[in-house]
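Notes for the structure review
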Amino acid sequence: MLRSQGQTTVRFWIALLTGKSAALLCRLFRHSGTSLPGVVALKVYPQLLSVLAADYERIVAVTGTNGKTTTANLLAHLLRSSGSSTVNNHEGANMISGVVTALIKDWTMLGERRSQIAVLEVDEGSVGKVFPSVKPDLLVVTNYFRDQLDRYSDLDHNINLLRRILDELPQTLLLLNADDPLVVTAGCDHSVASYYGVASEQKDQTGDCEIREGSLCPDCGAFLAYNYYNYGQLGAYYCPNCTFRRPVPDFLASEIQDDDYLEFILHVCQRKGRNENCSTADTVRLRAQMRGFYNVYNILAAAAAATTLGVSQQTIASSLMEYAPAAGRMEKFIYKGRPCTLNLIKNPTGLNEVLKTLLRGKGEKALVIAINDLAGDGRDVSWLWDAGFEMLDNPSIKMIVCSGRRAGDVGVRLKYAGVPPNKIIIEPECKPSIEGLGEQDAGEYHILASYTSVFNYSKLLRKMGKAVE
Amino acid sequence: MRIKVCHLYPDLFNLYGDQGNLLIFCRRAQWRGIQVEVDMVSFGETICLTGYDFVFLGGGAESNLSLMSKELQEKGRFIVEAVEQGTVLLAIGLGFQVLGRFIKTQDGAVLPGAGVFDLYIETGMDRLVGDILLETAVDLQEEMKKTSVVRETPLATLVGFENHAGRTFLGKEARPLGRVLKGQGNNRDDLSEGARYKNAFGSYLHGPLLAKNPHLADILLSRAILRQGGGKLTPLNDELEIYAHNVIKNRLVGGYNN
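These figures come from a predicted structure and were not determined experimentally.

All right, on to the overall build of chain A then. Within chain A, the regular secondary structure consists of 15 helices and 18 strands. Over its C-alpha atoms chain A spans a radius of gyration of 22 Å, differing by no more than 12% from the 23 Å that the globule rule assigns to 469 residues. In terms of overall dimensions, chain A has a C-alpha envelope of 70 × 60 × 40 Å along the principal axes. Looking at chain A residue by residue over its 469 residues, the buried ones come to 61%. Long-range contacts, defined here as pairs at least 24 residues apart, represent 71% of the contacts in chain A between residues at least 6 apart.

And the structure:
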């Protein structure tokens, strides 16, 4: 229940009620309403977020480029399974307005929160607005890849931003991806950090198609050397010139199997000093209904965060199997009697992992690749040329329908990637592109869509086909 | 026919998909039966560029600017030498900026450039960001008509996406790539975009530049093969590229770009 007094209380109440009314109206008019209530409420009372956040027992934040939504949703699921009521901005609206909207929805008209814990996915560019207000108890940083560069210019900007914000948050416990030198750089000044990482075992299938960020040592500027790469710039790196190297992970994933399920062994290390090896380690086998190597990092991050928050390994292992991914994260449908998977794509590294995963399927495939260039997608679509579309020059690919406002750019990219022109169809509109897909006689369908089109595809596929729950 | 291509600093200048330009250049050569040999020259390596027919330098993170300026104080003369001897060069974004005379940064420092182009850069407070449409320089348009054997209606425009804090001011020796019809260009004020000197081309356009501008790719290619005694290029089917070009062009000319 609200503890502050006087004038601010009045504005708090007006803001909360305005926000809740906006959420109700959004529902009535079938508007998705993942940000609008927050926008309105913040207009009334700009400090609303800090007041709402202060009331929770625990605030956990997840930021980084890829895997935020999956990691945050999975963590919220694990916390709920352990008996803690948890709210999260599960639809991926991760700017300040989306965070506020999720919390407003968690509060009753009587000014009481329903949940004990808030798990907040926060956009890399919004950490400056959100973190000082919510003061997270635990912060997970997943990775830094090239993403929507026209919105935030360079990666360095985001990394420096997080570094600056963390200076003001000495109490926040960090949980960092040890395998990403850029993440480690962002958190290196902080005293309370633990690390998660993946042991070497993944064979790099694309070779030269890979994008590697941050190849320079943040301390001395020399090129980093690697013992192995997992994907992108994630791997076991060290600086040949100074002492900067991958920290020893407190949470390590090994023996990864990616077949019908994703399976690996989680080692939770107990160690004496920062750079010591584990003196002992608890191990547990984890298994999830997900695919794709990149999801190992997401599951690992969520399991590490849950462990840090006191969830038992038994609970983590048993509830992982019940988890179903969110919209556009390998969402599954049946369309024209064939399996159809919908994936969100937003940057080269994520796209490469999606392509590798879909190519492992044995049947013939037909694809829709839909790219928009609205604010939510990133206005600049040049990143398509950093992705390894060369993989699609493959006999198992029967046809690719290029769609979205940038259907032409996708078509040109595919042509230069070596996809034969007779396998490329241009269909900018959403519904006709799905119909075009349905005309293809292939064993499986795959739809890869950028942010502003993925919800449309999800909605239409529910109507034109059916969702697999 | 065989041409030699150099990808300069692929390790530092690899942002915004610009290396797609190199792929496009190479494919358009190979589709015409021209063999291409590509070398990569990394940061800190010794370079001699006069033996190359085409050199490409892409965009990079601005945090690498001072590092790059230092490297070019030593190595810039090799690039100048090659351009003076007729090597074809394409430089994009930051790669374009470091080839000017100097760069004035936000904090007032002046970093020397390689001096390929007669221009200087001032780093502005805000970034110039968005889709951009140029009317191609008239002499280039004339050259484009002659480049291919047949092209019924050659594109008279160039499209791309700009994203830069630097403002470029051209000197007398540098000619622009085109005139800004929509967007910001070199410095938002004088309607110029990019720079040209001999066979060297510089531009802020990402997309990458050559993806939706196949006619510009062919100018670079035909100038490169000319060095090896090559003649006219055989025409290619550019339907997809021209479609993608026109989608952006029509959107910008039509004035709606939500």
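A word on the domain arrangement of chain A. Residue and element names in this part refer to chain A. Once the domains are mapped, chain A shows domain 1 (5-320) and domain 2 (329-467). Between domain 1 and domain 2, the C-alpha centre-to-centre distance is 27 Å. Listed by partner, the interface residues are 27 residues for domain 1 and 26 residues for domain 2. Interface of domain 1 and domain 2: buried area, both sides summed, is about 2,100 Å²; carbon and sulfur atoms make up 47% of it.

For the rest of this paragraph, the subject is helix H13 (residues 407-416) of chain A. A large share of H13 of chain A lies buried, amounting to 10 of its 10 residues. Elements in contact with the buried residues of H13 of chain A: strand E14 (365-370), strand E15 (397-403) and strand E16 (424-426) of chain A together with helix H1 (20-30) and helix H6 (239-254) of chain B. Directly after H13 of chain A, the chain includes Gly 418 of chain A, whose backbone phi takes a positive value near 100°.

Attention now moves to the pattern of salt bridges. A complete count under the given rule lists 34 salt bridges over all chains for this structure. The residue Asp 441 of chain A makes a salt bridge to Arg 338 of chain A at a minimum N-O spacing of 3.1 Å. One end of the pair, Asp 441 of chain A, is in the loop between helix H14 (430-438) and strand E17 (444-449); the other, Arg 338 of chain A, is in strand E13 (residues 338-344), and 103 residues separate them in sequence. You can call Arg 338 of chain A buried: its relative accessible area is 18%. One salt bridge connects Glu 135 of chain B with Arg 179 of chain B, and the closest N-O pair in it is separated by 3.2 Å. Of this pair, Glu 135 of chain B sits in strand E7 (residues 119-136) while Arg 179 of chain B sits in strand E9 (residues 178-182); the two residues are 44 residues apart in sequence, bridging distant segments of the chain. Here the residues in one salt-bridge network are Asp 373, Arg 405, Arg 406 and Asp 409 of chain A together with Asp 131, Lys 212 and Arg 251 of chain B, joined through shared partners.

Residues and elements named next belong to chain A. Of note, Thr 71 is situated in helix H4 (residues 68-81). You can call Thr 71 buried: its relative accessible area is 1%. Along the primary structure Thr 71 and Asp 441 are separated by 370 residues, whereas in three dimensions their C-alpha atoms are 35 Å apart. In contact with Thr 71, not counting residues within four places along its chain, are Val 62, Thr 142, Asn 298, Ala 301 and Ala 302.

So, on to the sheet that holds strand E4 (residues 88-92) of chain B. Residue and element names in this part refer to chain B. With mixed pairing, the six strands of this open sheet are ordered in space as E2-E1-E3-E4-E12-E11. The sheet is open, and its two borders are formed by strand E2 (35-41) and strand E11 (195-197), each paired with just one other strand. Going across the sheet, the axis of each strand differs from the next one's by a mean of 15°, ignoring polarity. As paired elements, strand E3 (residues 54-57) and E4 share four bridges and run parallel to each other. Opposite Phe 56, over in E4, you have Leu 90 as the bridge partner.

With that out of the way, let us pick up the nonpolar core. All names here are of chain A. One finds Ile 369, Phe 389, Leu 392 and Leu 414 to be the most contacted residues of the largest nonpolar core, which totals 113 residues. If you tally residues by element for this core, the top one is helix H10 (residues 294-308), at 11 residues. A domain split of this core shows at least three residues from each of domain 1 (5-320) and domain 2 (329-467). Ignoring anything within four residues of it in the chain, the contact list for Leu 392 reads Leu 355, Leu 367, Ile 369, Ile 397, Ile 400, Leu 414 and Val 419.

With that settled, consider the pairing of E13 of chain A. Residue and element names in this part refer to chain A. The buried count for E13 comes to six of seven residues, which makes it a mostly enclosed element. For strand E12 (residues 329-335) and E13, the ladder comprises six bridges, and the chain directions are antiparallel. Counted as the bridge partner of Ile 334 is Pro 339 from E13. Counted along the chain from E12 to the antiparallel partner E13, the turn is two residues long, and its residue Lys 336 has a positive phi close to 50°. For E13 and E17, the ladder comprises five bridges, and the chain directions are parallel. If you follow Thr 341 over to E17, its bridge partner there is His 446.

Let's shift gears to empty space enclosed by the protein. Residues and elements named next belong to chain A. Under the defined criterion, the tally for this structure stands at six cavities of 30 Å³ or more. By volume, the largest cavity amounts to about 390 Å³. If you trace the largest cavity, you find 31 residues lining it, with Asn 66, Gly 67, Thr 70, Tyr 294 and Asn 298 closest to the centre. Put simply, the parts of the chain that give the lining of the largest cavity at least two residues each are H4, H10, E12, E13 and helix H12 (348-359).

Time to look at the interface of chain A and chain B. Many analyses report the size of an interface as the accessible area lost when the parts associate. Residue-level contacts link 30 residues of chain A with 40 residues of chain B. Taking both partners together, chain A and chain B bury about 2,900 Å²; carbon and sulfur atoms supply 55% of that area. The interface formed by chain A and chain B holds four salt bridges in total. Counting across the chain A and chain B interface gives 12 residue pairs in polar contact (both at pLDDT 80 or more). For the side of chain A that touches chain B, the secondary structure elements donating two or more residues are helix H7 (149-152), H13 and E16 of chain A. Classifying every residue of the side of chain A that touches chain B by side-chain character gives 10 nonpolar, five polar and 15 charged.

Let's shift gears to the environment of Asn 73 of chain A. Structurally, the position occupied by Asn 73 of chain A is in helix H4. Spatially, the C-alpha atom of Asn 73 of chain A lies 9.1 Å from that of Leu 120 of chain A, the residues being 47 residues apart in sequence.

What follows covers the packing of H4 of chain A against helix H11 (residues 313-320) of chain A. All names here are of chain A. Here H4 crosses H11 at 120°, and the two axes come no closer than 9 Å. Relative to H11, H4 is oriented oblique. As for the relative orientation of H4 and H11, their crossing is right-handed in sense. Counted together, Leu 74, His 77, Leu 78 and Ser 81 of H4 and Thr 315, Ile 316, Ser 319 and Leu 320 of H11 form the full contact between these two elements.

Residue and element names in this part refer to chain A. Read from one edge to the other, the open sheet built from nine strands follows the order E2-E3-E1-E4-E5-E6-E9-E10-E11, with strand pairing classed as mixed. Each edge of the open sheet is held by one strand with a lone partner, namely strand E2 (86-88) and strand E11 (280-288). Across the sheet, the mean angle separating the axes of adjacent strands is 20° when strand polarity is ignored. Where strand E4 (residues 138-141) meets strand E5 (residues 173-177), four bridges bridge the pair, whose relative direction is parallel. Paired with Leu 139 across the strands is Leu 174, a residue of E5. Together, strand E1 (58-63), strand E3 (117-121) and E4 form the strand contacts of helix H6 (residues 127-134), whose direction differs from that of E1 by roughly 165°. The sheet strands contacting H11 are strand E10 (262-270) and E11, and the helix crosses E11 at an angle near 15°.

To continue, consider the packing of aromatic side chains. Residues and elements named next belong to chain A. Going through the model one piece at a time under the given rule, you end up with 20 aromatic pairs over all chains. Look at Phe 12 and Trp 107: their rings are 5.8 Å apart centre to centre, the planes differ by 70°, and that puts the pair in the edge-to-face class. In this pair, Phe 12 is assigned in helix H1 (residues 7-28) and Trp 107 in the loop between helix H5 (96-106) and E3, connecting sequence segments 95 residues apart. A relative accessible area of 1% places Phe 12 in the buried class.

What counts, and where the lines are drawn
Residues numbered from 1 in each chain as written. Chains lettered and ligands numbered in written order. Predicted model: local features only at pLDDT ≥ 70, side-chain atom pairs only at ≥ 80, totals over all residues. Heavy atoms only, no water. Helix = DSSP H or I, 4+ residues; strand = E, 2+ residues; numbered from the N terminus. Rg over C-alpha atoms; globule rule 2.2 N^0.38 Å. Buried < 20%, exposed > 50% of the residue type's maximum accessible area, 1.4 Å probe, protein only. Contact = heavy atoms within 4.5 Å. Domains from an automatic or database assignment. Buried area = accessible area lost by both parts, 1.4 Å probe. Salt bridge = Lys/Arg side-chain N within 4 Å of Asp/Glu carboxyl O. Pairing = 2+ DSSP bridges. Axes fitted to C-alpha atoms, helices over the stretch in contact; angles between N-to-C directions. Core = buried A, V, L, I, M, F, W, Y, C linked by side-chain atoms within 4.5 Å. 1 Å grid on protein atoms, 1.4 Å probe; cavity = no way out; pocket = protein on both sides within 12 Å on 5 of 7 lines; lining within 4 Å. Points joined across faces, edges and corners; volume = space filled by probe spheres on them. Polar contact = N/O pair within 3.5 Å; in protein donor to acceptor, adjacent residues only side chain to side chain. Nonpolar A, V, L, I, M, F, W, Y, C, P; charged D, E, K, R; others polar. Parallel < 35°, antiparallel > 145°, perpendicular 65-115°, else oblique. Left-handed = near helix turned anticlockwise from the far one by under 90°. Phe/Tyr/Trp six-rings, centres within 6.5 Å; stacked < 30°, edge-to-face > 60°.

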